[in-house]
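# Observations on the three-dimensional arrangement
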Amino acid sequence: MTVTLEVAEGVGTIRLDRPPMNALDVATQDRLKELAEEATRRADVRAVVIYGGEKVFAAGADIKEMQNMDHAAMILRSRDLQDSFTAVARIPKPVVAAVTGYALGGGCELALCADYRIAADNAKLGQPEILLGLIPGAGGTQRLPRLVGPSKAKDLIFTGRMVKADEALAIGLVDRVVPAADVYTEAHAWAARLAQGPAIALRAAKEAIDTGVETDLETGLAVERNWFAGLFATEDRERGMRSFVEEGPGKAKFL
């Protein structure tokens, strides 16, 4: 399999495994969508790590495969391409990308689908599609400017240049930079901590934030208000407030 899902202690690791560069061919895209949807459904998966291995996250699409596709073929395929990445973005649980080596083109777009990005100090990220006479097609023109702002996104997309980890951190493309040997460990620890949290409240927080950045303030506040009130019907809310009153902050244990 080019993509696998392994679950341990509440953390599901979606691992890209298509040596040598984890090129995202059609089969890999489809498998990614399947496993993102499985991670969404499974109650034993409470947080997710997206990982490409020790050497490379994903160096982009399979160009040889794409070269043989004409306009009509890509019209049919482009929605499936986007849907595979959107399935990752819509996992209603905390998702962290553990980025090693290259995260280019579709690889960068996949990292953009995570809630948080931890990069190796030797990581290189970018959207080089313009160098092929193309633009990003798996969400890069939409998710990248929402993350780093329009002007920085245009610089990366217009030039196709790669950025090293330190610049990626400075512009907000990644959230932490750690030694390469520690990337997966740190990403797993981030996910494992959140896997112990209140699952419904975390889902609510993610949906409220993701919806809010796509809409006007009034609509976003309505989404927040409905989720906030709805959480008062959950056992986690009862457990959290009871623990706060009886034991002080930060000591609640959620199921």
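Up top is the structure.
Quick caveat, the model's predicted, so the values are computed rather than measured. (Residues numbered from 1 in each chain as written. Predicted model: local features only at pLDDT ≥ 70, side-chain atom pairs only at ≥ 80, totals over all residues. Heavy atoms only, no water.)

If you trace the six strands from one edge of the open sheet to the other, you get E1-E2-E3-E4-E6-E9, paired in mixed fashion. At either end of the open sheet lies a strand with only one pairing partner, and these are strand E1 (3-8) and strand E9 (176-178). Averaged over all pairs of adjacent strands, the angle between strand axes in this sheet comes to 20°, irrespective of strand direction. Direction of pairing for strand E6 (residues 116-120) relative to E9: parallel, over a ladder of three bridges. Looking across to E9, one finds that Ala-119 is bridged to Val-177. (Pairing = 2+ DSSP bridges. Helix = DSSP H or I, 4+ residues; strand = E, 2+ residues; numbered from the N terminus. Axes fitted to C-alpha atoms, helices over the stretch in contact; angles between N-to-C directions.)

Inspection of the secondary structure assignment puts Gln-29 in helix H1 (residues 26-41). Using a relative accessible area of 7% as the deciding quantity, one classes Gln-29 as buried. Beyond its immediate chain neighbours, meaning those up to four positions away, Gln-29 contacts Leu-24, Arg-77, Leu-81 and Ser-84. (Buried < 20%, exposed > 50% of the residue type's maximum accessible area, 1.4 Å probe, protein only. Contact = heavy atoms within 4.5 Å.)

Right, let's get into the pattern of salt bridges. All chains considered together, the criterion is met by 15 salt bridges. The partner of Asp-44 in a salt bridge is Arg-42, and the shortest N-O contact between them spans 2.8 Å. With a relative accessible area of 37%, Asp-44 lands in the partly exposed category. Among the ionic pairs, Arg-117 bridges to Asp-175, the shortest N-O distance being 4.0 Å. Taken together, the residues Arg-117 in strand E6 and Asp-175 in the loop between helix H7 (165-171) and E9 connect sequence positions 58 residues apart. Taking relative accessible area as the criterion, Arg-117 reaches 3% and is therefore assigned buried. What you see here is one network of salt bridges that share partners, running through Arg-18, Asp-25 and Asp-62. (Salt bridge = Lys/Arg side-chain N within 4 Å of Asp/Glu carboxyl O.)

Glancing now at the packing of aromatic side chains. Counted under the stated rule, the structure contains three aromatic pairs. Between Tyr-51 and Tyr-184, the ring centres sit 4.7 Å apart and the planes meet at 40°, which makes this aromatic pair tilted. In this pair, Tyr-51 sits in strand E3 (residues 47-51) while Tyr-184 sits in helix H8 (residues 183-195), placing the two residues 133 residues apart along the sequence. Overall, the relative accessible area of 10% leaves Tyr-51 in the buried class. (Phe/Tyr/Trp six-rings, centres within 6.5 Å; stacked < 30°, edge-to-face > 60°.)

Across the five residues of strand E4 (residues 95-99), five count as buried, placing the element largely inside the fold. Neither face of E4 is left uncovered, since the one carrying Val-95, Ala-97 and Val-99 and the one carrying Val-96 and Ala-98 both have all their residues buried. Across four bridges, the pairing between E3 and E4 is parallel. By the bridge assignment, Val-48 is partnered in E4 with Val-95. In terms of strand pairing, E4 meets E6 through four bridges, oriented parallel.

Turning our eyes to something else, we now look at a nonpolar patch on the surface. On the surface, a cluster of nonpolar side chains totalling about 250 Å² of accessible area is made up of Met-21, Tyr-102 and Met-162. Tracing the backbone through its elements, the reader meets Met-21 in the loop between strand E2 (11-16) and H1. (Patch = residues over 30% accessible without salt bridge, like charges linked within 9 Å, V, L, I, M, F, W, Y side chains within 5 Å. Areas by Shrake-Rupley, 256 points an atom, 1.4 Å probe, with all protein chains shown as cover.)

Our next topic: the sheet that holds strand E5 (residues 102-104). Strands sit in the order E5-E7-E8 across an open sheet of three strands; the sheet is mixed. Here the strands that pair on one side only, and so sit at the sheet edges, are E5 and strand E8 (162-164). Each strand of the sheet is rotated relative to its neighbour by a mean of 20°, with strand direction disregarded. Of the strand pairs in this sheet, E5 and strand E7 (residues 124-126) are connected by three bridges, and their pairing is parallel. From the neighbouring strand, Ala-103 faces E7, where its bridge partner is Leu-125.

Below, the discussion takes up the environment of Leu-169. Note that Leu-169 resides in helix H7. Overall, the relative accessible area of 39% leaves Leu-169 in the partly exposed class. Along the primary structure Leu-169 and Ala-201 are separated by 32 residues, whereas in three dimensions their C-alpha atoms are 28 Å apart. For Leu-169, the residues in contact, after removing those within four places along its chain, are Val-174, Asp-175, Arg-176 and Val-177.

It is at 7 Å that the axes of helix H5 (residues 140-148) and helix H6 (residues 150-159) come closest, and there the two elements cross at 135°. The angle between the axes of H5 and H6 places the two elements in the oblique class. The two elements H5 and H6 meet at a crossing, and its hand is right-handed. Packed against H5, whose contacting residues are Gly-140, Thr-141, Leu-144, Pro-145 and Val-148, the element H6 presents Pro-150, Lys-152, Ala-153, Leu-156 and Ile-157 at the interface. Residue classes in the contact of H5 with H6 are distributed as seven nonpolar, two polar and one charged. (Parallel < 35°, antiparallel > 145°, perpendicular 65-115°, else oblique. Left-handed = near helix turned anticlockwise from the far one by under 90°. Nonpolar A, V, L, I, M, F, W, Y, C, P; charged D, E, K, R; others polar.)

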